[in-house]
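A look at the structure
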Amino acid sequence: MSRPAVAIVGGGVLGMTAAYRLAQAGVHVALYERSNDLGGLVGSFDFDGYPVDRFYHVNLPTDDRILALAEELGLSDKWRFRPTKVGFYDDGRLFSMTSPKEFLTFPVLRMQDRLRLGTFVARCQMIKGYDELDDAPLLEWLRRLCGRRVVDRLWAPLLDSKFDGRYDDLPATYIWARTKRMSKTRDRSGAEVMGWLQGGYQTLIDALEARIRALGGEIHAGSAVDEIAGTGPRAEGLVVDGRFRPFDFVLCTLAPPMARRVLSPTLRELAPADHCRYLGVVCLLLRTSRSVSPYYHLNITDRRVPLTTVVETTHVVDPEHVGGHLVYASKYVDPSHPDLERPVDEIEAEYRRHLKTIFPDLRDEEVLGAVVQRARVVEPVHLVGGASRLPEIFPVPGLSLASTAHVYPEIVSGQAVSGVSQRVVPGILERLPAERRAAA
């Protein structure tokens, strides 16, 4: 083959976007995905005859990378952006916190604490860089700026639910980045505006697949990579189904814990250290005959309900496209959490009880379908000082290890992962053999 050849391991947003950009640059790409379906965590599945997102995903009007990619792929008319409501479940009650007026009367906090929280949010918008925040422990930073009562009443239970009880070693960048991202989504009424690409991210993935194939690329879904081969200090190709295939370069987009499993012993020794923890997720998805929650996103500060959040995506997603209303009851967990192994029927029964605690008028006959989705590794957790410990993207010749572990200080999203792709593709093109680059 006269053109340079690059293998890509992983068919999520990062792998598919990188494959598309490399193919556009004249590189022959061959993408391998273990699952029979492309898309990874953002992919869809068949839910009683309807294509539905496995997990909920937030798209914002400010996600310029994803919006531009969708436009390039001819999908601009597929977006739907709508104002949404945000709620809190605290002390057995539901509260809306969507408009500025509701913020000022939010009963979970006292007036002086609400004012202090508002000042904190405004201050986050004025902080441009994150260098100092990277070394600042999150809890100390929040107590200093918001006060101990706000931390104990609001931030601590939210962090406890998100990080499965372990959040004392996080940097201040976590809340700063999240606050900066979400504050840009509000309309004039103060409501958050969320978006949905008709058909979900799967529409984007399918369009990328078609373009990659049209450019001569290979897509191998349902093909597990046995090993990223390399006997010396260089990646040489892949072993798939017991057969070696040489490549000029290999891009592995798996999260570091999974990537290490497929590296040859020599490459594993040279791989960068991984300083992240990781979160898994357990999610009960219900399709119901009516809207269950008045909120797109429900924060849970009442820890008697051990869920992280309840998201009813059909406040944005058109219900007719998914056969009803979609309610995701999610719990972020440590990868060792027993809920990742418990029988599905036990998970469903327990999580449905939690939903009925929050929404006591939810009746069994209104549930049209239910499914439990689980993933052991979905999100990296960067610790204090994480910016200086981001893993090297190009650790050895012929190999790139690029994944969600390189999303920092941004919050993991399609927008952020697209940014990693923009960083890695130019580096791969620069590292391809000069004579093969010229042939392309």
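Check the entry above for the structure.
Reference entry: report on the structure contained in this document. (Residues numbered from 1 in each chain as written. Predicted model: local features only at pLDDT ≥ 70, side-chain atom pairs only at ≥ 80, totals over all residues. Heavy atoms only, no water.)

Moving on to the packing of aromatic side chains. One pass over the full model with this rule turns up 11 aromatic pairs. Note on Y130 and W176: the rings are 6.4 Å apart at their centroids and 35° apart in plane angle, and the pair reads as tilted. In this pair, Y130 sits in the loop between α4 (111-126) and α5 (131-134) while W176 sits in helix α8 (residues 173-183), placing the two residues 46 residues apart along the sequence. Residue classification places W176 among the buried residues on the basis of a relative accessible area of 7%. Residues F249 and F394 carry aromatic rings whose centres are separated by 6.2 Å and whose planes lie at 70° to one another, so their mutual orientation is edge-to-face. Here F249 is found in strand β13 (residues 249-252), whereas its partner F394 is found in the loop between β18 (367-381) and β19 (399-401), with 145 residues between them in sequence. Both residues of the pair, F249 and F394, count as buried. (Phe/Tyr/Trp six-rings, centres within 6.5 Å; stacked < 30°, edge-to-face > 60°. Helix = DSSP H or I, 4+ residues; strand = E, 2+ residues; numbered from the N terminus. Buried < 20%, exposed > 50% of the residue type's maximum accessible area, 1.4 Å probe, protein only.)

Here the focus is the nonpolar core. In this structure, F120, W141, L142 and W155 are the most contacted members of the largest nonpolar core, which totals 59 residues. For this core, the element with the highest residue contribution is helix α7 (residues 148-162), accounting for 7 residues. Core analysis: the next-biggest nonpolar cluster, separate from the first, contains 42 residues, I66, L69, L208 and V420 among them. (Core = buried A, V, L, I, M, F, W, Y, C linked by side-chain atoms within 4.5 Å.)

So, about the pairing of strand β1 (residues 5-9). Among the 5 residues in β1, 5 count as buried, and that is most of the element. Judged by which residues are buried, β1 turns out to be covered on both faces: A5, A7 and V9 on one side and V6 and I8 on the other are all buried. Where β1 and strand β2 (residues 28-33) come together, 5 bridges link them in parallel fashion. Paired with V9 across the bridge in β2 is Y32. Of the pairings in the sheet, the one linking β1 to β13 comprises 4 bridges and is parallel in character. Each residue of the ladder has a partner; that of V9, found in β13, is C252. (Pairing = 2+ DSSP bridges.)

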